[in-house]
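Next come the chains, spelled out residue by residue.
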Amino acid sequence: MDVETAIRTRRTHKAYGPEQLPREEIDALLELASWAPNHNLTVPWRFRVIGPRTLGRLKEIAGAEGAAKLDRAPTLVVVSCVLSGDPVEEEEDLHATAVASYIVLLAAHARGYAGYWRTPGLLRGEEGRNAVGLAEEERFVGLLHLGYPRQEKEAPERPGADSTTTYLR
């Protein structure tokens, strides 16, 4: 699949088959993320692939409604960004981490997998952060749901670039 097709056809999925992605596929997706542009090659992103014990702890913390959302996908990846203490570098690093996250979703789609980027409050709170081992100097960026798609999704209407672009003289 070429890049333009992948960008135009990737969708957020909330229904997955029960099988986890093979570890070698997860590793390949996360390796691709390492190609995200980042100023001074700080490599600020961190990925934590959630296993069954950690998932159980998160579901306990989340309660019934939150636990159901965690059960949507068989493969969950917590994405965080290591903060340096320098406000400019941190802003750049957060953007780079977001790009790395999107690379994972786009590459998963190109390989026939489904993905979903969430930012549940559970992982911003102390209990959730502790459950996945986020250090104080890490900012939670997202929870990536990955798996085999159970549905096809149509493209939503998108505004044209002319509604978001200004050429300055």
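Not measured: the values here are computed from a predicted model.

**Q** Sorry if this is basic, but what is going on with the nonpolar core here?
**A** Generally speaking, soluble globular proteins have nonpolar side chains that are buried together. Within the largest apolar cluster, 20 residues are counted, with the highest numbers of intra-cluster contacts made by Leu21, Leu29, Val77, Val104, Leu144 and Leu146. Elements supplying a minimum of two residues to this core: helix H2 (23–33), strand S2 (75–82), helix H4 (87–110) and strand S4 (138–147). Top element by residues in this core is H4. It accounts for six residues. Ignoring anything within four residues of it in the chain, the contact list for Leu29 reads Leu21, Val104, Ala107, Ala108, Arg111 and Leu146. In terms of nonpolar packing, the next biggest core, distinct from the first, is built from 17 residues, Leu55, Leu70, Leu76 and Leu123 among them.

**Q** Looking at this model, I keep getting lost on the side chain of Thr97. Mind explaining?
**A** The residue Thr97 is located in helix H4 in this model. Aside from chain neighbours lying at most four places away, what touches Thr97 is Pro44, Trp45, Val79, Ser80, Cys81 and Val141.

**Q** Any chance you could explain helix H3 (residues 52–70) here in plain terms?
**A** An α-helical turn contains 3.6 residues, so a residue and the one three or four places further along point in the same direction. A rise of 1.5 Å per residue sets the reference length of H3, with its 19 residues, at 27 Å; its end C-alpha atoms lie only 11 Å apart and thus fall more than 12% short of the reference. If you look at H3, its biggest bend is around 135°, right at Gly63. Looking at H3, one finds that the buried residues are Leu55, Leu58, Gly66, Ala67 and Leu70.

**Q** I tried to follow H2 on my own but got confused; where do I start?
**A** Among the residues of H2, Glu25, Ile26, Leu29, Leu30 and Ala33 are the ones counted as buried. Along the long axis of H2, the arc covered by the buried residues comes to 130°, so they all point the same way. Against strand S1 (45–49), S2, H4 and S4 lie the buried residues of H2.

**Q** Please explain the pattern of salt bridges as it appears in this structure.
**A** Pairing between side chains of opposite charge can happen when their charged atoms approach one another. Counted under the stated rule, the structure contains five salt bridges. Among the salt bridges present, the one from Asp27 reaches Arg23, with a minimum N-O distance of 3.9 Å. Placement of both Asp27 and Arg23 in helix H2 is noted, with a separation of four residues, approximately one turn of the helix. Note that Glu138 and Arg48 form a salt bridge whose closest N and O atoms lie 2.9 Å from each other. Highlighted residues: Glu138 in strand S4 and Arg48 in strand S1, separated in sequence by 90 residues.

Definitions and limits used
- Residues numbered from 1 in each chain as written.
- Predicted model: local features only at pLDDT ≥ 70, side-chain atom pairs only at ≥ 80, totals over all residues.
- Heavy atoms only, no water.
- Core = buried A, V, L, I, M, F, W, Y, C linked by side-chain atoms within 4.5 Å.
- Buried < 20%, exposed > 50% of the residue type's maximum accessible area, 1.4 Å probe, protein only.
- Helix = DSSP H or I, 4+ residues; strand = E, 2+ residues; numbered from the N terminus.
- Contact = heavy atoms within 4.5 Å.
- Expected span 1.5 Å × (residues − 1).
- Bend = angle between axes of the 7 residues up to and from the residue.
- Arc of directions from axis to C-beta.
- Salt bridge = Lys/Arg side-chain N within 4 Å of Asp/Glu carboxyl O.

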